Amino acid sequence: MKRRLLTASYLLAFLISPFVHADSLPSWNDTAPKKAIIEFVERVTKEDSPDFVPLAERIATFDNDGTLWSEQPLYFQLLYIFDVIKAKADERPEWRETEPFASVLRDDAKAVLASGEEGIVKLLSVTHSGMTTDEFAESVSRWIATAKHPTTGRLYTEMVYQPMLELLSYLRANGFKTYIVSGGGAEFVRQWAEQVYGIPPEQVVGTYGRMEYEIREGHPVIVKLPELALNNDKAGKPIGIQTFIGRRPTVAFGNSDGDFEMLEWTTSGKGARLALVLHHTDSEREWAYDRESHIGKLDRSLDAAPSKGWIVVSIKDDWNTVHPGAKP
């Protein structure tokens, strides 16, 4: 009987060993960043390690645009805004003579960006407010299910990064709670983040506007107002983290100077911390940009990374695959 039990145990060990030891990050090359991630996770999850982090404190925050999915040639939420403006143009003929709407209708993205915050606020006021949260959710869900990237022709949800999907799964398998901390709109990202990233709506922290509770046609609704409550970018990110998460992250991952304060806030805490910066260096499989980019500018964070111990991840050098379904 004892021999049978031993034989069964060896057989079970043989069968599961390929899965136990399987590479959890197959789209990552065996370079320094991958090794640092694995070493960190193993160190903070072993109970006898001096750097052990209790389950409740294993918080990992990720920027979205340019970190979890692409962000060129424009932020995808801005492309959503453009499509909504175009769809409503027949109802608003005055837009053809009014900026920045006229530039949107001419597909002049450079002019739209040149209109600055004031111009973007005008676009947001007609595409993100005056409607209920349910109406906005339905609009975003329709768009994300059908709209395609202007360069690649892929659905925007296919422009996510396969290595980052693996990293999210790897961290969750090791007890981490994964959050999106985005400069994009929280209500926009919440409509598809769970399906695409496995991150539920309550774990999405983003820019958001004020809302109010109303009764419309006898039914309670929440209405989006044209007033900004939190710009969850730069210094706004640690504020958003403290407001909605209430714990300093153990791991943070960004790709631009808009993430500097989140990375700084994370690594200034006590105990083991890990901060990573995604550097877009692959002009063949994606885009190559950093210090002079009009989108996702990476200058200050790139300079600070070595002295602060932040790990810089090069798409060209450290990833063998970029998007799901792409050839390695």
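Scroll up a little and you will see the structure.
Throughout what follows, the structure given in this document is the object of discussion. (Residues numbered from 1 in each chain as written. Predicted model: local features only at pLDDT ≥ 70, side-chain atom pairs only at ≥ 80, totals over all residues. Heavy atoms only, no water.)

For the rest of this paragraph, the subject is the overall build of the protein. Secondary structure summary: the protein contains 14 helices and 8 strands in total. Relative to the 2.2 N^0.38 estimate, which gives 20 Å for 328 residues, the radius of gyration of the protein is 22 Å and therefore close to what a compact globule would have. Per-residue burial for the protein yields a buried fraction of 47% across its 328 residues. In the protein, once contacts between residues fewer than 6 apart in sequence are set aside, the share between residues at least 24 apart is 65%. Counting only carbon and sulfur atoms, one obtains 53% of the accessible surface of the protein, whose full area is about 16600 Å². (Helix = DSSP H or I, 4+ residues; strand = E, 2+ residues; numbered from the N terminus. Rg over C-alpha atoms; globule rule 2.2 N^0.38 Å. Buried < 20%, exposed > 50% of the residue type's maximum accessible area, 1.4 Å probe, protein only. Contact = heavy atoms within 4.5 Å. Areas by Shrake-Rupley, 256 points an atom, 1.4 Å probe, with all protein chains shown as cover.)

Turning next to the pattern of salt bridges. Applying the stated criterion to the full structure yields 19 salt bridges. Two residues, E227 and R210, come together in a salt bridge whose shortest N-O distance is 4.0 Å. Taken as a pair, E227 in strand β4 (residues 219-230) and R210 in strand β3 (residues 204-216) lie far apart in primary sequence, 17 residues in all. By relative accessible area, E227 is classed as partly exposed at 41%. Its relative accessible area of 45% is what places R210 among the partly exposed residues. Each of the salt bridges in this network shares a partner with another, and the network as a whole consists of D23, D30 and K34. (Salt bridge = Lys/Arg side-chain N within 4 Å of Asp/Glu carboxyl O.)

On to the pairing of β3, then. As paired strands, strand β2 (residues 177-185) and β3 are joined by 3 bridges and run parallel to one another. Bridging from a neighbouring strand, I180 pairs with V204 of β3. Summarising the sheet, β3 and β4 pair through 8 bridges and their orientation is antiparallel. What sits directly across from R216, in β4, is H219. Two successive antiparallel strands, β3 and β4, enclose a turn made up of 2 residues, where E217 displays a positive phi of approximately 55°. (Pairing = 2+ DSSP bridges.)

Turning next to the packing of aromatic side chains. For the coordinates displayed, the defined rule picks out 16 aromatic pairs. Members of the aromatic cluster, joined through ring pairs, are W69, F76, Y80, F136, W143, Y156, F188, W192 and Y197. The ring of W265 is capped by R248, whose NZ or CZ atom sits 3.7 Å from the centre of that ring. A cation over an aromatic ring shows up here: R300 above the ring of F260, its NZ or CZ 3.7 Å from the ring centre. (Phe/Tyr/Trp six-rings, centres within 6.5 Å; stacked < 30°, edge-to-face > 60°. Lys NZ or Arg CZ within 6 Å of the ring centre and 35° of its normal.)

The alternating pattern of strand β5 (residues 251-254) places V251 and F253 on one face and A252 and G254 on the opposite face, and all of these are buried. Direction of pairing for strand β1 (residues 59-62) relative to β5: parallel, over a ladder of 3 bridges. Across the sheet, residue A60 finds its bridge partner in β5, namely V251. Crossover β5 to strand β6 (residues 274-281) through helix α12 (residues 260-267) is right-handed. (Right-handed = clockwise from strand over helix to strand, strands pointing away.)

A few words on a nonpolar patch on the surface. A grouping of M211, Y213, I215 and I222 is seen on the molecular surface, where their side chains present a nonpolar patch of about 420 Å² in accessible area. The leading source of residues in the nonpolar patch is β3, at 3 residues. (Patch = residues over 30% accessible without salt bridge, like charges linked within 9 Å, V, L, I, M, F, W, Y side chains within 5 Å.)

Without other data, these values stay purely geometric and don't point to any function.
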